[in-house]
Amino acid sequence: MLNFITPRRSSARTLSLSGLLLATFGLGGCMTGPDFTQLEARVVPQQAFTAPPDAMLEVRLVDVSRADAEAGLIASTRYGGLREGPFPVRLQYDRNAIEEGHRYALQADVRSEGRLYWINDSAVPVLGDASTSQGEVEIPLTPLPRALGH
C-alpha cells in the first residue's frame, strides 16, 4: 500500500502570504501616477529675431528655491522652425513635482549646433506668490552678439 504524503499548510505561512498580498495591493491604491498639466507662455525676442535655420528654442520650468544650488529641472520642451517672434509655448509638467513653499521660474534659450544665440537674462517667476502667472506669462529673449552677426 502506498502512503501519500500530503503537505500540511502552516497557518502562519498562509497568514504571512495573505498579509503580504494585502499590503502590496493596499499600498498600490495609495501610490499616484503623474498629474500632468500645462503652463502656457510667450517667448518674446527683445529685438528683431535672427538665428540659423536649424536653431532650437528650449523652455524650462525650474525650481529656484535654493540660492546655493543649481536650479532643479521640473520640465522642458523644445521648438524648431523658428521664424519671427513672439513664440507661443506650452510646457507640460507634473503637478506632483511642485512643492509648496518653493519658488519656480521659466528659462528660455535659443541654440544652434550647441552654440547659444539668445537667452532670457531675467527671472520669470511662475506657480507661486511672486509669479506673474495671473496674466499671460512672457519670457523676454535677449540676443547674444553672434545672433546679431557680430
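The rules behind the values
Residues numbered from 1 in each chain as written. Predicted model: local features only at pLDDT ≥ 70, side-chain atom pairs only at ≥ 80, totals over all residues. Heavy atoms only, no water. Helix = DSSP H or I, 4+ residues; strand = E, 2+ residues; numbered from the N terminus. Buried < 20%, exposed > 50% of the residue type's maximum accessible area, 1.4 Å probe, protein only. Contact = heavy atoms within 4.5 Å.

Participant: How should I be thinking about the overall build of the protein chain in this particular structure?
Facilitator: What the protein chain contains, in helices and strands, is 1 helix and 8 strands. From first element to last, N terminus to C terminus, the protein chain shows the α and β order α-β-β-β-β-β-β-β-β. Across the 150 residues of the protein chain, 27% fall into the buried class. Residue pairs in contact within the protein chain that sit at least 24 positions apart in sequence constitute 67% of those at least 6 positions apart.

Participant: Is there a simple way to think about the environment of Leu 144 in this case?
Facilitator: Positionally, Leu 144 belongs in the segment after β8 (137–143). Sequence spacing of Leu 144 and Tyr 117 is 27 residues, and the spatial spacing of their C-alpha atoms is 5.4 Å. If we ignore the near neighbours within four places in the chain, the residues touching Leu 144 are Leu 116, Tyr 117 and Ile 119.

Participant: How do you make sense of unusual backbone geometry when you look at a structure like this?
Facilitator: Negative phi is the rule for most residues except glycine; trans is the rule for most peptide bonds. Geometrically, the link from Gly 85 to Pro 86 is a cis peptide bond, its omega value of 0° lying close to zero. Note on placement: Pro 86 falls in the loop between β3 (72–79) and β4 (87–94). The backbone phi angle of Glu 113 is positive, close to 50°, even though this residue is not glycine. Within the secondary structure, Glu 113 sits in the loop between β5 (104–112) and β6 (115–119). Since its relative accessible area comes to 72%, Glu 113 is described here as exposed.

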